[in-house]
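Structural overview for review
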Amino acid sequence: MKTSSLQLGIGTGSGTLLSAFAFINTDDVLKTVVLAAIGAVVSFAVSWALQRWKRKG
């Protein structure tokens, strides 16, 4: 019974993801990648600056 439930969940989840891909534009994906990269760089810079500040203080 548990295997059937797992298969149903996997089938439902993958079907939902595949149907969502039809509505995603490449512009949106590119914008998301650029914003994620900017966020990662800002996060790294703030963490690095706070570590340096903590060492001096």
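Predicted model, so just to flag it, every value in this text is computed and none were measured.

1. Remarks on the overall build of the protein chain
Secondary structure assignment for the protein chain yields two helices and zero strands. Against the compact-globule benchmark of 10 Å for 57 residues, the protein chain has a radius of gyration of 21 Å, which places it well outside the compact range. Counting only C-alpha atoms and orienting by the principal axes, one finds that the protein chain spans roughly 60 × 35 × 5 Å. Among the 57 residues that make up the protein chain, the fraction classed as buried is 0%.

2. Comments concerning the environment of Ser-14
Tracing the backbone through its elements, the reader meets Ser-14 in helix α1 (residues 2-21). Under the relative-accessibility criterion, Ser-14 is labelled partly exposed at 33%. Within the structure, the side chain of Ser-14 is placed 2.9 Å from the backbone oxygen of Ile-10, a separation counted as a polar contact.

Each value, and the rule that gives it
- Residues numbered from 1 in each chain as written.
- Predicted model: local features only at pLDDT ≥ 70, side-chain atom pairs only at ≥ 80, totals over all residues.
- Heavy atoms only, no water.
- Helix = DSSP H or I, 4+ residues; strand = E, 2+ residues; numbered from the N terminus.
- Rg over C-alpha atoms; globule rule 2.2 N^0.38 Å.
- Buried < 20%, exposed > 50% of the residue type's maximum accessible area, 1.4 Å probe, protein only.
- Polar contact = N/O pair within 3.5 Å; in protein donor to acceptor, adjacent residues only side chain to side chain.

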